[in-house]
Structures are given as C-alpha cells and as structure tokens.
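A structural walkthrough
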Amino acid sequence: MIDSNVFAELQNRGVITHTGLKAEDFNDMSKLVDYGIATSTSSEEIYKDVIEDIAEVDDTVNKFLAEIAAGGNVVVPFNIALDAPLTITKDVVLDLNGYTLTSATDVFDVSAKLTINGDGKISAATDNTCSWCAVFAHDNADVTINGGEYSVGAPEGDYNDLIYAKDNAKITINGGVYHSAGTVRKDGTAFVLNLKDKSNAKIAVTAGKFENFDPAAANTEPGGLYNFVADGHESTAEGNWFVVK
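Scope of this entry: the structure provided in the associated data block.

Rules used in this analysis
- Residues numbered from 1 in each chain as written.
- Predicted model: local features only at pLDDT ≥ 70, side-chain atom pairs only at ≥ 80, totals over all residues.
- Heavy atoms only, no water.
- Pairing = 2+ DSSP bridges.
- Helix = DSSP H or I, 4+ residues; strand = E, 2+ residues; numbered from the N terminus.
- Axes fitted to C-alpha atoms, helices over the stretch in contact; angles between N-to-C directions.
- Salt bridge = Lys/Arg side-chain N within 4 Å of Asp/Glu carboxyl O.
- Buried < 20%, exposed > 50% of the residue type's maximum accessible area, 1.4 Å probe, protein only.
- Contact = heavy atoms within 4.5 Å.
- Core = buried A, V, L, I, M, F, W, Y, C linked by side-chain atoms within 4.5 Å.
- Phe/Tyr/Trp six-rings, centres within 6.5 Å; stacked < 30°, edge-to-face > 60°.
- Lys NZ or Arg CZ within 6 Å of the ring centre and 35° of its normal.
- Polar contact = N/O pair within 3.5 Å; in protein donor to acceptor, adjacent residues only side chain to side chain.

The sheet built from five strands is open, its strands ordered β3-β6-β9-β12-β14 with parallel pairing. Every other strand in the sheet has two partners, leaving β3 (86-88) and β14 (193-195) as the edge strands with one partner each. Averaged over all neighbouring strand pairs, the angle between strand axes comes to 10 degrees, with direction disregarded.

Printed below as a string of structure tokens:
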C-alpha cells in the first residue's frame, strides 16, 4: 500500500489529480500511472522526491518534540499537526515563529513552566471532540502567554474550555487573540478562560483581545461574575471583542 502521507503529498503537488481516492486502493506507483491518475512523465522521480521530503519533515518534527521534552528555548519550525498534546514537564520558552500548531486533542498540556512568545496560531480539538483545550495547565504549572491566536473546536451542542487551569496552576496572559467559537455552552456562557472550581488555580490578564468574552466580568466561575483582569488594567468593548490594556 502506498504510504498515506506520500499519497496526500502527491495530491497536494498535483501529481495525483483524481479526487475521492484513498492510498489503500493502490499497491505501488505504477498502478497510479496505469489508471491515469498520475502523469507518467517523471512520476517515479517525483514519488522518490516526495518520500525524501516527508522523511526530512518527520525528522524535523521529531527533533522539535524532543526539544520540547528536554526543555529550554524551542522554536516552531513550520506548521505542525500534532498527533498528541505537547506535554510540558520541563521549563520551556517557545517561539511560535509565525507558524500554526494544531491538535485533535489539547495543544499544550502543562505541569511545569511554559512561556509562549511570538505570533502564530494554536488550534485545539480540530476534529470537534470534547474535552480539550488550547492550553491545559495543572499541578504547579506556571504559564505565561505573550502572543499567539487561540481557538478550539467542540461537538455540536457541547463546548470546550479554551484556556483552562486547575490544581495550583497559574496562567498569566500578556497578549494574544482568543476566539470564543467552540467554548459556548447552551446557556450562552463562553468558557474562553476557565478555572477548575474550588481549586487554587489562577488566571491573570494584563493584555489581549477576547471574542464575545469579557475577562473582567466572566460568568465561568461560581459565585457571580469573575474578574480575570489584573490590577491596573482594564477591559474595553470594541464590537464583538473585549480588549485588555
């Protein structure tokens, strides 16, 4: 069977031009040519190039994951669709480097110290399942978010938390853009920021832009409206967004 990643890349490059086909339908490249699905000119050469390119990408992703596991300063090398959350068990300073990290589960599962810098996108629960977060902080995690654009999916009729903290975790938000889609409960409550009830977890916002969610008057916590905005800062409505300065 042709490797599914190779098959997909051949489609992306226009070598395989028919739609609705699956890699498991074919055993080798010659079948693609026989069926007229791939052009015969240079098809074998392109096929080999694609395999080499994918191997190089896999090596880079594995290196990135190893750096995350080891801790220290890490730079996102390109757009990455994760197979599992980035589990932060050692202190990491991450530069998003303008790229996108996506995951069908959590993107960040943090129990140590994580600092997120730079522009880039973080998208969790991409296949619209529960319960996942863009950032899930627990135990004694200490997360500082200085930038990035955050979103989460959710099944129809259900919701996910976008940024979530429990136990003794602390999250400080100094910037970034936070989307509400995927976080809205049936009663209209948007769980863009949320704390585990009756825990010691904390979220403090000094800056950032929040869609359909006022971090100074959130109804995600028991006991009435909750203020996530740090002292000396304020949340101002700008259309459907609330901007903290």
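Proximity of charged atoms lets side chains of opposite charge pair with each other. Under the criterion given, the structure shown has two salt bridges. The salt bridge partner of Lys 170 is Asp 142, with a shortest N-O separation of 4.0 Å. Here Lys 170, found in strand β13 (residues 170-178), pairs with Asp 142, found in strand β10 (residues 142-145); they are 28 residues apart in sequence, far enough to count as distant. Under the relative-accessibility criterion, Lys 170 is labelled partly exposed at 40%. By relative accessible area, which is 23% here, Asp 142 ends up partly exposed. The partner of Asp 187 in a salt bridge is Arg 185, with the nearest N and O atoms 2.7 Å apart. A relative accessible area of 51% means that Asp 187 is categorised as exposed. The exposure class assigned to Arg 185 is partly exposed, which follows from its relative accessible area of 32%.

Attention now moves to the side chain of Thr 189. Among the secondary structure elements, Thr 189 is positioned in the loop between β13 and β14. Residue class for Thr 189 comes out buried when judged on its relative accessible area of 4%. For Thr 189, the contacting residues outside a window of four places in its chain are Thr 183, Val 184, Asn 219 and Thr 220.

One recurring pattern in soluble globular proteins: nonpolar side chains tend to sit buried together. Leu 94, Leu 101 and Phe 108 are the most contacted members of the largest nonpolar core, which totals 50 residues. Leave out the neighbours within four places in its chain, and Leu 94 touches Phe 64, Ile 68, Val 74, Val 76, Leu 101, Phe 108, Leu 114, Thr 115, Ile 116 and Asn 117.

Inspection of the entire model under this criterion finds six aromatic pairs. Their ring planes at 20 degrees and their centres at 4.7 Å tell us that Tyr 159 and Phe 191 sit as a pair that is stacked. Residue Tyr 159 is found in the loop between β11 (149-152) and β12 (163-165), and its partner Phe 191 is found in the loop between β13 and β14; the two are separated by 32 residues along the sequence. Judged by its relative accessible area of 4%, Phe 191 falls in the buried class. Ring geometry for Tyr 178 and Phe 210: centres 4.8 Å apart, planes at 10 degrees, overall stacked. Taken as a pair, Tyr 178 in strand β13 and Phe 210 in strand β15 (residues 202-211) lie far apart in primary sequence, 32 residues in all. The same class applies to Tyr 178 as to Phe 210, namely buried. Grouped by ring-pair contacts, the aromatic residues Tyr 150, Tyr 178, Phe 210 and Phe 213 constitute a single cluster. Here Lys 209 stacks its cationic end above the ring of Trp 241, 5.0 Å away from the centre of that ring.

It is worth spelling out unusual backbone geometry at this point. Negative phi characterises most residues that are not glycine, and trans characterises most peptide bonds. Backbone torsion omega between Cys 130 and Ser 131 reads -10 degrees, so that peptide bond is classified as cis. One can find Ser 131 in the loop between β8 (121-124) and β9 (135-137). Although it is not a glycine, Asn 128 sits at a positive phi angle of roughly 60 degrees. Among the secondary structure elements, Asn 128 is positioned in the loop between β8 and β9.

In this structure, Asp 139 sits in the loop between β9 and β10. Spatially, the C-alpha atom of Asp 139 lies 9.9 Å from that of Asn 200, the residues being 61 residues apart in sequence. Ignoring sequence-local partners within four residues, the contact set of Asp 139 consists of Ser 111, Lys 166, Asp 167, Asn 168 and Ala 169. Polar side-chain contacts of Asp 139 include one of 2.9 Å to the side chain of His 138.

A few words on the pairing of strand β5 (residues 100-103). Side-chain alternation along β5 places Leu 101 and Ser 103 on a buried face and Thr 100 and Thr 102 on a face that remains uncovered. Bridge count for strand β2 (residues 80-82) against β5 is three bridges, and the pairing is parallel. By the bridge assignment for β5, Ile 80 is matched with Leu 101. Pairing of β5 with β8, which is carried by three bridges, proceeds in the parallel orientation. Each bridged residue has a counterpart across the sheet, and for Leu 101 the counterpart in β8 is Ile 122.

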